[in-house]
Amino acid sequence: MTTTVTAPATAAPVGAARAGRRWTQHGLLFVAPFLVVYLAFLVWPLLLGLRMSLTSVNIAGSNDRFVGFANYAEAFGDPRMWNSLWNTVLFTVLSTVPLVLLGLVLALLVHNLRFVRWLWRLSFFAPFLLPSAVVSLLWMYMIYQPSFGLLNNALGTEVLWLGDPGVAMWSIVLTTVWWTVGFNFLLYLAALQSIPEHLYEAASIDGASAWDKLRSITLPMLRRTTGLIVVLQLLASLKVFDQIYLMTGGGPDDSTRPIIEYAYDMGFTGYRIGYASAVSYILFVLIVIVSLVQLRLFRKREESRR
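Residues numbered from 1 in each chain as written. Predicted model: local features only at pLDDT ≥ 70, side-chain atom pairs only at ≥ 80, totals over all residues. Heavy atoms only, no water.

Enquirer: Looking at this model, I keep getting lost on the environment of Thr88. Mind explaining?
Expert: Here Thr88 shows up in helix α3 (residues 79-112). A relative accessible area of 0% places Thr88 in the buried class. As for Thr88 and Arg257, which are separated by 169 residues in sequence, their C-alpha atoms are 7.7 Å apart. Not counting the four nearest positions on each side in its chain, Thr88 is found in contact with Ser237, Leu238, Pro258 and Ile259. Within the local environment of Thr88, its side chain forms a polar contact with the backbone oxygen of Ser84, the two atoms lying 2.9 Å apart. (Helix = DSSP H or I, 4+ residues; strand = E, 2+ residues; numbered from the N terminus. Buried < 20%, exposed > 50% of the residue type's maximum accessible area, 1.4 Å probe, protein only. Contact = heavy atoms within 4.5 Å. Polar contact = N/O pair within 3.5 Å; in protein donor to acceptor, adjacent residues only side chain to side chain.)

Shown next, in the form of structure tokens:
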């Protein structure tokens, strides 16, 4: 009679659990440098700024007195804050639509070209690589200069593109579109190249026209990319600062000053760091709300198509 000895049934699960813990520990070691940088340069400043928004601290770090939500109450009652917030929203609306549509159109044109594609890609994407200071100075002194600017010479008139409250925001939007459309163009172009070619071949066999292919194949296949581009563009436009600060300084008559510049002025010109922090967190909440709404709408569209 032979006796068979079997290992306890719990041996394998225990060994798997130990191996899982080891992998978890190794994973934590790998991500530890990133976590340290993330906590030190993002989470900690975020919490510190929130604390400062509840105090009356100035730029020298003195008068650090807890005032609760008094800074927020003052900001919501400040017409200058609302004006700068409106300028930010206006810039976002005026810039997002052409940046998304023009990026799509340029990508479609380049994707369908059969010669020197690399030259067109470089031409459309190259401005995005320029620093904001270079772009701002280029457009200020070569395009928008009232006396000898290229735009006024071409139109045969003398328009104060950056000095007229009625056209200053449009001028900054035009500069921003020229400068940043290359990024959206590149995302759309990459998405177009990932669409299977056999879909277009099958549509051609069925007698579909170019418009039918665009409407029934291309645009539906680009839906996810469009959703991503819209979200990224909204976030980027809501955080506008560089080109407006360099080109108009928020003028004329505060007609272009965005909310980030208003917070900057309050903090580094008015020396009210606590109040500036409160204004910054108002913008932060606005950005979070816009992001959540966009993601929610995108999910609903995806669920409705399933």
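Enquirer: What am I meant to see in the packing of α3 against helix α10 (residues 223-238) here?
Expert: Packed helices, taken two at a time, are described by the angle between their axes plus the distance between the axes. Across the interface, α3 lies against α10 with an axial gap of 9 Å and an inter-helix angle of 145°. With respect to the hand of their crossing, α3 and α10 are arranged in right-handed fashion. Across from Thr88, Phe91, Thr92, Ser95, Thr96, Leu99 and Val100 in α3, the residues of α10 making contact are Ile229, Val230, Gln233, Leu234, Ser237 and Leu238. When grouped by side-chain class, the residues that make up the contact of α3 with α10 number 7 nonpolar, 6 polar and no charged. (Axes fitted to C-alpha atoms, helices over the stretch in contact; angles between N-to-C directions. Left-handed = near helix turned anticlockwise from the far one by under 90°. Nonpolar A, V, L, I, M, F, W, Y, C, P; charged D, E, K, R; others polar.)

Enquirer: I would appreciate a short explanation of the nonpolar core in the present structure.
Expert: As a rule of thumb, nonpolar side chains are buried together in soluble globular proteins. Ranked by internal contacts, the top residues of the largest apolar core, which has 36 residues, are Tyr144, Tyr188 and Leu222. Taken together, the elements giving at least two residues each to this core come down to α3, α5 (132-143), α7 (168-193), α8 (197-205) and α11 (242-247). For this core, the element with the highest residue contribution is α7, accounting for 11 residues. Of all hydrophobic cores here, the second largest spans 17 residues; its members include Leu85, Ile259, Ala278 and Val279. (Core = buried A, V, L, I, M, F, W, Y, C linked by side-chain atoms within 4.5 Å.)

Enquirer: How should I be thinking about the side chain of Asn87 in this particular structure?
Expert: Within the element layout of this structure, Asn87 appears in helix α3. Once residues within four sequence positions are removed from consideration, Asn87 is found in contact with Met169, Asp254, Ser255, Thr256 and Arg257.

Enquirer: Looking at this structure, I do not really get unusual backbone geometry. What am I missing?
Expert: Comment: phi is negative for the bulk of residues other than glycine, and the bulk of peptide bonds are trans. Of the consecutive residues Gly251 and Pro252, the connecting peptide bond is found in the cis state with omega at -5°. One can find Pro252 in the loop between α11 and α12 (259-269). Positive phi outside glycine occurs at Asp253, with the angle close to 55°. With respect to the helices and strands, Asp253 occurs in the loop between α11 and α12. In the Ramachandran plot, Tyr271 falls in the positive-phi region, its phi being about 65° despite a non-glycine side chain. Tracing the backbone through its elements, the reader meets Tyr271 in the loop between α12 and α13 (273-305).

Enquirer: I keep staring at a nonpolar patch on the surface and nothing clicks. Help me out?
Expert: Nonpolar side chains collect at one region of the surface, where Leu28, Phe30, Val31, Phe34, Leu35, Tyr38, Leu39 and Leu42 lie side by side and expose about 830 Å² of accessible area between them. Within the secondary structure, Leu42 is located in helix α1 (residues 11-52). By relative accessible area, Leu42 is classed as partly exposed at 45%. (Patch = residues over 30% accessible without salt bridge, like charges linked within 9 Å, V, L, I, M, F, W, Y side chains within 5 Å. Areas by Shrake-Rupley, 256 points an atom, 1.4 Å probe, with all protein chains shown as cover. Salt bridge = Lys/Arg side-chain N within 4 Å of Asp/Glu carboxyl O.)

Enquirer: I would appreciate a short explanation of the packing of α5 against α7 in the present structure.
Expert: Where α5 meets α7, the axes come as close as 11 Å, and the angle between the chain directions of the two elements is 130°. Classed by the angle they form, the pair α5 and α7 counts as oblique. Where α5 crosses over α7, the two elements pack in a sense that is right-handed. Contacts between α5 and α7 involve Ser132, Val135, Leu138 and Trp139 from the first element and Leu174, Thr175, Trp178 and Trp179 from the second. In terms of residue class, the contact of α5 with α7 is made up of 6 nonpolar, 2 polar and no charged. (Parallel < 35°, antiparallel > 145°, perpendicular 65-115°, else oblique.)

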